[in-house]
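# Secondary and tertiary structure notes
For reference, the chains in residue letters:
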Amino acid sequence: MLTDFWSRPEFYAYERACGDEPGTRARLLANATWKTRVLELTASEEELWKGVRSSYHSLINKLAKDDDFSISQTDPLHFGLARIVHYQAAGRETRSDESWRIQAQWLTVGCGRCWLATKLNDGIRRETSAVGFIYVLVTPPTSYFFSAAALEPNVGHALQWHAIKELKKAGVCWYELGYQGEATHEKGRNIEFTKRAWGGVDIDIREHYAAHVA
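I will try to describe carefully the structure that is included in this document. (Residues numbered from 1 in each chain as written. Predicted model: local features only at pLDDT ≥ 70, side-chain atom pairs only at ≥ 80, totals over all residues. Heavy atoms only, no water.)

### Concerning unusual backbone geometry
Negative phi characterises most residues that are not glycine, and trans characterises most peptide bonds. A cis amide bond links Pro-140 to the next residue, Pro-141, at an omega of 10°. Among the structural elements, Pro-141 can be located in the loop between strand E4 (128-139) and strand E5 (142-150). Non-glycine residue Asn-154 carries a positive phi angle of around 75°. By secondary structure assignment, the location of Asn-154 is in the loop between E5 and helix H7 (155-169). Residue Asn-154 is classed as partly exposed on the basis of its relative accessible area, which comes to 29%. (Helix = DSSP H or I, 4+ residues; strand = E, 2+ residues; numbered from the N terminus. Buried < 20%, exposed > 50% of the residue type's maximum accessible area, 1.4 Å probe, protein only.)

Right, dumping it as structure tokens:
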């Protein structure tokens, strides 16, 4: 789990850019009563694939066989495409320009990684368009699923599996997928259900966080 990143100046700057008081997340984690799903990436890719919810296998494989679909790691120069996808998926801007600038900076210094999904459009010009992204915070040996958005069905599944494989290749040992048991509404519970689709175990946030910041 990321334990110290939430108390670093770079994340405090992000919190300010989102309208939150610096230290909001760190205080939340220190008093959390729920758990978080963590996937150990030291297992083989075959074992990791077995841990993926079986109903997702065919959805991911279908896109993998689609010659018009591809996933690649993006850089700060092209990170604006992720912002466009996020805007289109949400139907509005949900946070400030500064928050996106900070995320682009994280890509530059290496504590953030973003993969962009693109699809080749039909037509004479055969142009590609961005249809999804996934953004992961990385502080070796740990990583954290920070944000994602997709404009077409199952793109999010393909992106998550791609990120898992790439993080493993990079030598990252753990991938934190997010909260479990925190949601109080149906949408949140559906998100938690999806985060459980990738295998892993639930860890008590408060106990783990306190042990690493004491």
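The structure having been displayed, the exposition proceeds.
### Here's the deal with the nonpolar core
Among the nonpolar cores identified, the biggest contains 29 residues, and Trp-6, Phe-79, Trp-106, Phe-133, Tyr-135, Leu-137 and Phe-146 are the most heavily contacted of them. Of all the elements in the fold, those that place two or more residues in this core are helix H1 (9-17), helix H2 (24-30), helix H5 (80-90), helix H6 (97-109), strand E3 (112-120), E4 and E5. In terms of residue count, the dominant contributor to this core is H6 (five residues). In contact with Trp-106, other than residues within four places in its own chain, are Phe-5, Glu-10, Phe-11, Tyr-14, Cys-111, Gly-112, Tyr-135, Leu-137 and Phe-146. By size, the runner-up hydrophobic cluster in this structure holds 28 residues, among which are Leu-41, Phe-145, Val-172 and Ala-197. (Core = buried A, V, L, I, M, F, W, Y, C linked by side-chain atoms within 4.5 Å. Contact = heavy atoms within 4.5 Å.)

### Quick notes on the packing of H1 against H6
The N-to-C vectors of H1 and H6 enclose an angle of 155°; their axes lie 8 Å apart at closest approach. It follows from the interaxial angle that H1 and H6 lie roughly antiparallel. Helix-helix and strand crossings are classified by hand; for H1 and H6 the assignment is left-handed. The residues of H6 that touch H1, namely those facing Glu-10, Phe-11, Ala-13, Tyr-14 and Ala-17, are Glu-98, Ser-99, Ile-102, Gln-103 and Trp-106. Partitioned by chemical class, the residues of the contact of H1 with H6 number six nonpolar, two polar and two charged. (Axes fitted to C-alpha atoms, helices over the stretch in contact; angles between N-to-C directions. Parallel < 35°, antiparallel > 145°, perpendicular 65-115°, else oblique. Left-handed = near helix turned anticlockwise from the far one by under 90°. Nonpolar A, V, L, I, M, F, W, Y, C, P; charged D, E, K, R; others polar.)

### Describing the pairing of strand E1 (residues 35-40)
Two elements, E1 and strand E6 (residues 174-180), share six bridges in a ladder whose sense is antiparallel. Residue pairing for E6: Val-38 is matched across the bridge by Glu-176. Bridging between E1 and strand E7 (residues 201-204) involves four bridges; their strand directions are antiparallel. Paired with Thr-36 across the strands is Ile-203, a residue of E7. (Pairing = 2+ DSSP bridges.)

### Here's the deal with the packing of aromatic side chains
Overall, the coordinates contain 16 aromatic pairs when judged by the stated rule. An angle of 75° between the planes, with centres 5.4 Å apart, marks the rings of Phe-5 and Trp-106 as edge-to-face. A residue pair is termed long-range when its members are at least 10 positions apart, and Phe-5 in the segment before H1 and Trp-106 in helix H6 qualify at 101 residues. By the burial criterion, Phe-5 is buried, and Trp-106 matches it. Here Tyr-14 and Phe-146 contribute two aromatic rings whose centre-to-centre distance is 5.4 Å and whose plane-to-plane angle is 65°, an arrangement assigned as edge-to-face. Linking Tyr-14 in helix H1 with Phe-146 in strand E5, this pair joins segments that are 132 residues apart in sequence. When sorted by exposure, Tyr-14 lands in the same class as Phe-146, which is buried. The ring of Tyr-56 is capped by Arg-53, whose NZ or CZ atom sits 5.5 Å from the centre of that ring. Lying over the aromatic face of Trp-100, Arg-95 brings its terminal NZ or CZ to 3.9 Å of the ring centre. (Phe/Tyr/Trp six-rings, centres within 6.5 Å; stacked < 30°, edge-to-face > 60°. Lys NZ or Arg CZ within 6 Å of the ring centre and 35° of its normal.)

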